Amino acid sequence: MQIQESLVPEAQQILQANDRGGFTVPTAGLYPFQWLWDAGFTALGWMQFDEARAWQELDLLFQGQWSNGMLPHIVFHRPEATYFPGPERWGVARTPPTSAITQPPVVASVVRWMLERARNPVLAEEKIRSLYPRILAYHRWFKRERDPHNTGLVTVLHPWETGADNSPAWDEALGRVTVDPDLPPYTRRDTSHVDPSQRPHQSEYDRFLTLLEVYKRAGFDQLRLVRECPFRVASLLIDCVLHRANRDLLWLSERFGFGDEAEIAGWLEASRQGIESLWDEGAGLYFNRDLRTGQPIRVGVSASFLPLFAGTASPERARRLLGTLEAWAGRVRYLVPSTDPSSPRFEAQRYWRGPVWAVVNYLIALGFSEYGYGEMAGRIRQDTLELCETAGFSEYFHPLTGQGLGGGSFSWTAAIYLAWSQSPHTPGAGGSL
Ligand code: GLC
């Protein structure tokens, strides 16, 4: 299928309309602040037509960085009433206010991709020299405070950290969180923007918010929360994105002579082993792990393919993953559904329980491409572009009908369209999609 060039200006206009003066909101109303991994992908989109603005997106994101290195998942640059939970509920005393948890750390990889696409390498180098120490501090925080025993897997403290808020992978682990009997009352805002059938259930929201009270009571002490938080999982989205980000950080360190290669290589050896320990031979997939029970969470999700993006999978495991995704493809029209479509937990239109997400597709396709499976990578790219062209730049898409779901005029969907349609040769991939 040919790219409809006419959609490129439309995608650019979405980023411009969602620009709030240096940072981009994911979509007006539903998500009116700056989100971490959205900002990464959105910067990649801006890079296609305004490089200075692309780098600025990351500069503003790091305005939210904590002094311990943590990069929060939301930066509340200015007050907005259309979203809950806002800064008051998080209770983080800093300027600008932020949330108290993180999200998939895509930034180091995005910075590398931006450098590889830069038409202004002087600006790129200047920006990288200022961003690099902050990214390194962020990755050191992951190691020091979220993997203090060097297991190679990060302890994730909230489903929101994984980026896949209501994935069926978290059902049991979240179900074990007892709702705080003194949970302060609240009014959800999300269901006034989007049909509730496409959003998480109330029982999940009560637990999401209970976890915020747990953090506040612990004074946000990460080492204590890693031991005591009632929700603790190893998430493929976080671990694989972090592994890849550390590979890219090491590459940047070498290229610019920062001298941190040995430290980063040590992290990579541990996380390679950690990720590979999540492989399930019978299922032909990687599974997330419940760190309270130590047990694998045996539900296939789109993140189950991300060890290809991380680059930790053996060629044999990569071949098995291809077979698994081919089986999924027999049940849906559009790849990649966020949950195994043969699972009883699959729900085609509920957020992370079935719908297709453009950003995850980008990572999975890159992984298949790098393992030499160009046909599957091309199929995933094609499906993504076709979804945007027929349903618009929606937050997520129905994997059977292609219907656009969730928020509309969505920044990261438009950004992936721009990144993919204007540079089909994926950076760093060594192969074309
Ligand atoms: C939702 C998604 C999350 C995303 C955010 C903003 O919470 O689950 O991954 O970052 O929206 O788009």
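- An unreviewed UniProt entry lists the protein chain under the name Trehalase, from Meiothermus taiwanensis.

1. As for the site of the ligand
Move 1: Near the ligand, the surroundings consist of Pro26, Tyr31, Trp35, Trp37, Asp38, Gln103, Gly163, Asp165, Tyr351, Trp352, Phe410 and Trp412.
Move 2: Between the ligand and Gly163, the relevant distance is 2.6 Å, taken from an oxygen atom to a main-chain nitrogen or oxygen of the residue.
Move 3: A distance of 2.9 Å separates an oxygen atom of the ligand from a polar side-chain atom of Trp352.
Move 4: For the ligand, whose unbound accessible area comes to 310 Å², protein coverage reaches 96%.
Move 5: With respect to the pocket detection grid, the ligand is positioned in the largest cavity.
Move 6: In terms of residue class, the shell around the ligand is built from eight nonpolar, two polar and two charged.

2. Overview of helix α12 (residues 261–276)
Move 1: With 16 residues, α12 should reach 22 Å at 1.5 Å per residue; the first-to-last C-alpha distance of 22 Å fits that figure.
Move 2: Taken residue by residue, α12 has Ile264, Trp267, Leu268, Ala270, Ser271, Gly274, Ile275 and Glu276 as its buried positions.
Move 3: Tucked inside the fold, the buried residues of α12 contact α6 (121–146), α11 (236–256), β4 (279–280), β5 (285–286), α13 (307–310) and α14 (315–329).

3. Digging into unusual backbone geometry
Move 1: The residue after Phe84, namely Pro85, is reached through a cis peptide bond having omega 0 degrees.
Move 2: Structurally, Pro85 is set in the loop between β2 (74–75) and α4 (87–90).
Move 3: Note the cis peptide between Thr95 and Pro96, where omega equals -10 degrees.
Move 4: Positionally, Pro96 belongs in the loop between α4 and α5 (107–117).
Move 5: With a phi angle near 60 degrees, Phe220 is a residue other than glycine that sits in the positive phi range.
Move 6: When you line up the elements, Phe220 lands in the loop between α9 (202–217) and α10 (222–228).
Move 7: Of note, the phi angle at Tyr351 is positive, near 55 degrees, even though the residue is not glycine.
Move 8: Relative to the elements of secondary structure, Tyr351 occurs in the loop between α14 and α15 (358–370).

4. Focus: the UniProt feature "domain: Mannosylglycerate hydrolase MGH1-like glycoside hydrolase" (unreviewed entry) in the protein chain
Move 1: The feature "domain: Mannosylglycerate hydrolase MGH1-like glycoside hydrolase" (unreviewed entry), as given by UniProt, occupies residues 31–413 in the numbering adopted here.
Move 2: Secondary structure content for residues 31–413 is 49% helix and 5% strand, while the C-alpha to C-alpha distance between its ends is 14 Å.

5. Looking at the environment of Pro148
Move 1: Within the secondary structure, Pro148 is located in the loop between α6 and α7 (171–175).
Move 2: Overall, Pro148 belongs to the partly exposed group, its relative accessible area being 36%.
Move 3: In this structure the C-alpha to C-alpha distance between Pro148 and Leu223, which are 75 residues apart in sequence, comes to 7.7 Å.
Move 4: Once residues lying within four places of it in the same chain are set aside, the contact partners of Pro148 are Lys143, Leu223 and Val226.

6. Observations regarding the packing of α5 against α11
Move 1: Where α5 contacts α11, the two axes come as close as 7 Å, and the packing angle between them is 50 degrees. As summarised for this structure, α5 and α11 are arranged oblique, according to the angle between their axes. Handedness of the crossing formed by α5 with α11: left-handed. In this structure, α5 uses Ala108, Ser109, Val111, Arg112, Trp113, Leu115 and Glu116 to contact α11, whose residues at the interface are Arg244, Ala245, Asp248, Leu249, Trp251, Leu252, Arg255 and Phe256.
Move 2: Across the contact of α5 with α11, the residue classes tally to nine nonpolar, one polar and five charged.

7. Topic: empty space enclosed by the protein
Move 1: The tally for this structure, following the rule as stated, stands at three cavities of 30 Å³ or more.
Move 2: One number sums up the size of the largest cavity: a volume of about 270 Å³.
Move 3: Looking at the largest cavity, it is lined by 25 residues, and the ones nearest its centre are Tyr31, Trp35, Gln103, Asp165 and Tyr351.
Move 4: Mapped by element, the contributors of at least two residues to the lining of the largest cavity are α2 (36–47) and α8 (190–193).
Move 5: Of the residues assigned to the lining of the largest cavity, the class counts are 14 nonpolar, five polar and six charged.
Move 6: As a volume, the second largest cavity reaches approximately 120 Å³.
Move 7: Every residue lining the second largest cavity is counted, 13 residues in all, and those nearest its centre are Lys143, Val154, Leu242, Asn246 and Ser271.
Move 8: No other element matches α11, which puts four residues into the lining of the second largest cavity.
Move 9: Its residues placed into classes, the lining of the second largest cavity shows five nonpolar, five polar and three charged.

8. Some details on the pattern of salt bridges
Move 1: The final tally for this structure, using the stated rule, is 34 salt bridges.
Move 2: Between Asp383 and Arg379 there is a salt bridge, with the nearest N and O atoms lying 3.0 Å from each other. Residue Asp383 and its partner Arg379 are located together in helix α16 (residues 374–391), separated by four residues, close to a single helical turn.
Move 3: Overall, the relative accessible area of 3% leaves Asp383 in the buried class.
Move 4: Where salt bridges share partners, they join Asp171, Glu172, Glu204, Arg345, Glu347, Arg350 and Arg353 into one cluster.

9. Description of the packing of aromatic side chains
Move 1: If you walk through the whole model with that rule in mind, you get 38 aromatic pairs.
Move 2: Measuring from centroid to centroid gives 5.8 Å for Phe33 and Tyr83, while their planes differ by 85 degrees, and the two rings are edge-to-face. Taken together, the residues span a long stretch of sequence, with Phe33 in the loop between α1 (7–17) and β1 (34–35) and Tyr83 in the loop between β2 and α4 at a distance of 50 residues.
Move 3: According to the relative accessible area criterion, Phe33 is buried, its value standing at 1%.
Move 4: Plain terms: the ring middles of Trp160 and Phe208 are 5.1 Å apart, the flat faces sit at 50 degrees to each other, and that makes the pair tilted. One end of the pair, Trp160, is in the loop between α6 and α7; the other, Phe208, is in helix α9, with 48 residues separating them in the sequence.
Move 5: Relative accessible area serves as the criterion here: at 0%, Phe208 is assigned to the buried category.
Move 6: Its guanidinium or amino end placed over the ring of Tyr351, Arg199 lies 4.5 Å from that ring's centre, counting from NZ or CZ.

Calculation notes
Residues numbered from 1 in each chain as written. Predicted model: local features only at pLDDT ≥ 70, side-chain atom pairs only at ≥ 80, totals over all residues. Heavy atoms only, no water. Near = heavy atom within 4 Å. Polar contact = N/O pair within 3.5 Å; in protein donor to acceptor, adjacent residues only side chain to side chain. Areas by Shrake-Rupley, 256 points an atom, 1.4 Å probe, with all protein chains shown as cover. 1 Å grid on protein atoms, 1.4 Å probe; cavity = no way out; pocket = protein on both sides within 12 Å on 5 of 7 lines; lining within 4 Å. Sits in = over half its atoms within 2 Å of the grid points. Nonpolar A, V, L, I, M, F, W, Y, C, P; charged D, E, K, R; others polar. Helix = DSSP H or I, 4+ residues; strand = E, 2+ residues; numbered from the N terminus. Expected span 1.5 Å × (residues − 1). Buried < 20%, exposed > 50% of the residue type's maximum accessible area, 1.4 Å probe, protein only. Contact = heavy atoms within 4.5 Å. UniProt positions renumbered as here; feature names shortened; annotations may be inferred. Axes fitted to C-alpha atoms, helices over the stretch in contact; angles between N-to-C directions. Parallel < 35°, antiparallel > 145°, perpendicular 65-115°, else oblique. Left-handed = near helix turned anticlockwise from the far one by under 90°. Points joined across faces, edges and corners; volume = space filled by probe spheres on them. Salt bridge = Lys/Arg side-chain N within 4 Å of Asp/Glu carboxyl O. Phe/Tyr/Trp six-rings, centres within 6.5 Å; stacked < 30°, edge-to-face > 60°. Lys NZ or Arg CZ within 6 Å of the ring centre and 35° of its normal.

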